[in-house]
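Residues per chain, in single letters:
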Amino acid sequence: MRAISIAKLDEGLVNEDAAKATEKWIAVSDGAGGGGVFADLWSKYLVEHLPDEPIADYQVFDAWIDGIWESFYNDCEKRAKTEGGLLLNKFYDEGSFATLVAVWKDGQWMSYGDSVAFCYCRKSGKLQHSFGRISEFNNPPYLVNCKDPTHEKGFRSGSFEVGEDSVVFAASDALSHYIIMMYEVAHEDAFAAELDEEVRAQSKDSNFVKAAVAMKQFDFEKDILGKLLSSSKNAGNFKRHIASLRKRGLIAHDDYSLAVM
């Protein structure tokens, strides 16, 4: 059980992600700094307050958020008041935003937004995940706000088929896009339509798909997943691995978080 989270590969930037691994669950939250304030604090707060029992449906999720938001809101309101008017007004108007994904030991998972839960079976070579089509990364994600209601449309839940040879993990959006993309390119015959849809979208992610398709043949388990999981045991190795992926045009510039069970 381990979790790692690093900021964008530039000096001095705040990491707005949070990742945590316990004996009962793993979780990743991607604080969205494009709106609101205190995204880094909100993402950490969400993973620190995750319940040990699985969140099985939207009603349980909504009740859990309803039970924890107020303490965070009150603390951040005090912080904002000490900073002054502009920050305080922004907090009142917009609040704080983050995604959330979690997987419990029994294989149950939930997600809100575009952070993704995964289960890879070494025996079958099959990758299960909590996301939809890869092109959906182009859409604005649903975000948990510290002051506004959540939306049932943004909630997903399910259960992985977990075996003795499975590895279960969760990742923030840029890393998740990379993992799903490389799996689909490695199994291009099965995912040709999805990959073509992503290329035709002419988004920033389209270029990553083009770079992945142009690569020489690779083994997903050994060359992609194995190297990623191995590097995540050490922050320095993880940063070097991400930097290499960026240099090769395979991954977006972002904070990067990974939690492994």
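You'll find the structure just up there.
Model, not experiment: these values are computed from the prediction.

What counts and what doesn't
- Residues numbered from 1 in each chain as written.
- Predicted model: local features only at pLDDT ≥ 70, side-chain atom pairs only at ≥ 80, totals over all residues.
- Heavy atoms only, no water.
- Helix = DSSP H or I, 4+ residues; strand = E, 2+ residues; numbered from the N terminus.
- Rg over C-alpha atoms; globule rule 2.2 N^0.38 Å.
- Buried < 20%, exposed > 50% of the residue type's maximum accessible area, 1.4 Å probe, protein only.
- Areas by Shrake-Rupley, 256 points an atom, 1.4 Å probe, with all protein chains shown as cover.
- Lys, Arg positive; Asp, Glu negative; His and termini not counted.
- Charge placed at Lys NZ, Arg CZ, Asp CG, Glu CD.
- Contact = heavy atoms within 4.5 Å.
- Phe/Tyr/Trp six-rings, centres within 6.5 Å; stacked < 30°, edge-to-face > 60°.
- Lys NZ or Arg CZ within 6 Å of the ring centre and 35° of its normal.
- Pairing = 2+ DSSP bridges.
- Axes fitted to C-alpha atoms, helices over the stretch in contact; angles between N-to-C directions.
- Salt bridge = Lys/Arg side-chain N within 4 Å of Asp/Glu carboxyl O.
- Bend = angle between axes of the 7 residues up to and from the residue.
- Core = buried A, V, L, I, M, F, W, Y, C linked by side-chain atoms within 4.5 Å.
- Expected span 1.5 Å × (residues − 1).
- Polar contact = N/O pair within 3.5 Å; in protein donor to acceptor, adjacent residues only side chain to side chain.

Student: Outline the overall build of the protein, listing residues and values.
Tutor: Of regular secondary structure, the protein possesses 8 helices and 12 strands. For 261 residues, the compact-globule estimate of 2.2 N^0.38 gives 18 Å, and the protein sits close to it at 18 Å. C-alpha atoms of the protein, sized along the principal axes, occupy 55 × 35 × 35 Å. The burial tally for the protein puts 49% of its 261 residues in the buried class. Per element, the accessible surface of the protein, about 12,500 Å² overall, is 47% carbon and sulfur. Averaging the positions of the 29 positive and the 41 negative side-chain charges in the protein gives two centres separated by 7 Å.

Student: Can you break down the environment of Ser159 residue by residue, with the values?
Tutor: Relative to the helices and strands, Ser159 resides in strand S10 (residues 155-159). Looking at Ser159, the relative accessible area reads 48%, which means it is partly exposed. Put simply, Ser159 and Ala56 are 103 residues apart on the chain and 9.2 Å apart in space, counted from C-alpha to C-alpha. Every residue in contact with Ser159, bar those within four places of it in the chain, is listed here: Asp106, Gly107, Gln108 and Trp109.

Student: Help me get a handle on the packing of aromatic side chains, residues and values and all.
Tutor: Enumeration over the complete set of coordinates arrives at 19 aromatic pairs. Joined through ring pairs, the aromatic side chains of Tyr58, Phe61, Trp64, Tyr112, Tyr142 and Phe155 make up one cluster. One cation-aromatic arrangement involves Arg156 over Phe131; the distance from NZ or CZ to the ring centre is 5.3 Å.

Student: Can you tell me about the sheet that holds strand S6 (residues 108-112), naming the residues and giving the values?
Tutor: Two strands in a sheet stick together by hydrogen bonds in their backbones, pointing the same way (parallel) or opposite ways (antiparallel). Within the open sheet, the 5 strands sit side by side as S2-S3-S5-S6-S10. Their pairing is antiparallel. In this open sheet, the two strands that pair with only one neighbour each are strand S2 (17-21) and S10. Taken pair by pair, the neighbouring strands of this sheet meet at an average axis angle of 5°, ignoring direction. Both strand S5 (residues 100-104) and S6 contribute to a ladder of 4 bridges, which runs antiparallel. In the strand pairing of S6, Leu100 is matched with Tyr112.

Student: So what's going on with the pattern of salt bridges? Residues and values would help.
Tutor: Taken as a whole, this structure holds 9 salt bridges when the rule is applied. Where Glu136 meets Arg156, a salt bridge forms, and the shortest distance between an N and an O atom there is 2.8 Å. One end of the pair, Glu136, is in the loop between strand S8 (126-129) and strand S9 (144-145); the other, Arg156, is in strand S10, with 20 residues separating them in the sequence. On the basis of relative accessibility, which here comes to 27%, the residue Glu136 falls in the partly exposed class.

Student: Any details on helix H5 (residues 188-200)? Residues and values, ideally.
Tutor: When the local axis directions of H5 are compared, the greatest deviation, roughly 35°, occurs at Glu194. Those residues of H5 that fall on the buried side of the exposure criterion are Glu194, Leu195 and Glu198. Contacts made by the buried residues of H5 are with helix H4 (173-186) and helix H6 (204-213). Positive backbone phi, approximately 50°, marks Gln202, located one or two places after H5.

Student: Go over the nonpolar core, please, and point to the residues and values.
Tutor: In terms of nonpolar packing, the biggest core is built from 40 residues, with Phe169, Leu175, Tyr178, Ile179, Met181 and Leu258 touching the most fellow members. Among the secondary structure elements, those contributing two or more residues to this core are strand S1 (2-6), strand S7 (116-121), strand S11 (166-171), H4, H6, helix H7 (220-231), helix H8 (235-247) and strand S12 (256-260). A total of 9 residues in this core trace back to one element, the largest contributor, which is H4. If we skip the residues at most four places from it in the chain, Ile179 touches Phe118, Leu127, Phe169, Ala171, Phe220 and Leu228. Listed in part, the 31 residues of the second largest apolar core include Leu46, Leu50, Tyr73 and Tyr112.

Student: For the pairing of S2, give the residues involved together with the corresponding values.
Tutor: Sheet analysis places S2 next to strand S3 (residues 25-30), joined by 5 bridges and oriented antiparallel. When the bridges of S3 are listed, Ala18 appears paired with Ser29. Turn length for the S2-S3 hairpin, with the two strands adjacent in sequence and antiparallel, is 3 residues.

Student: Tell me about helix H2 (residues 58-83), residues and numbers included.
Tutor: Between its terminal C-alpha atoms H2 stretches 35 Å, which fits the 38 Å expected from 26 residues at 1.5 Å a residue. Within H2, the axis deviates most sharply at Trp69, by approximately 35°. Along H2, the residues that are buried comprise Tyr58, Phe61, Trp64, Ile65, Ile68, Phe72, Tyr73, Cys76, Glu77 and Ala80. The elements touched by buried residues of H2 are helix H1 (39-48), helix H3 (85-94), S5, S6, S9 and S10. For H2, the capping residue at the N-terminal end is Asp57, with a side-chain oxygen 3.2 Å from the backbone nitrogen of Gln59. Among the residues trailing H2, Gly84 stands out with phi positive, at a value near 120°.

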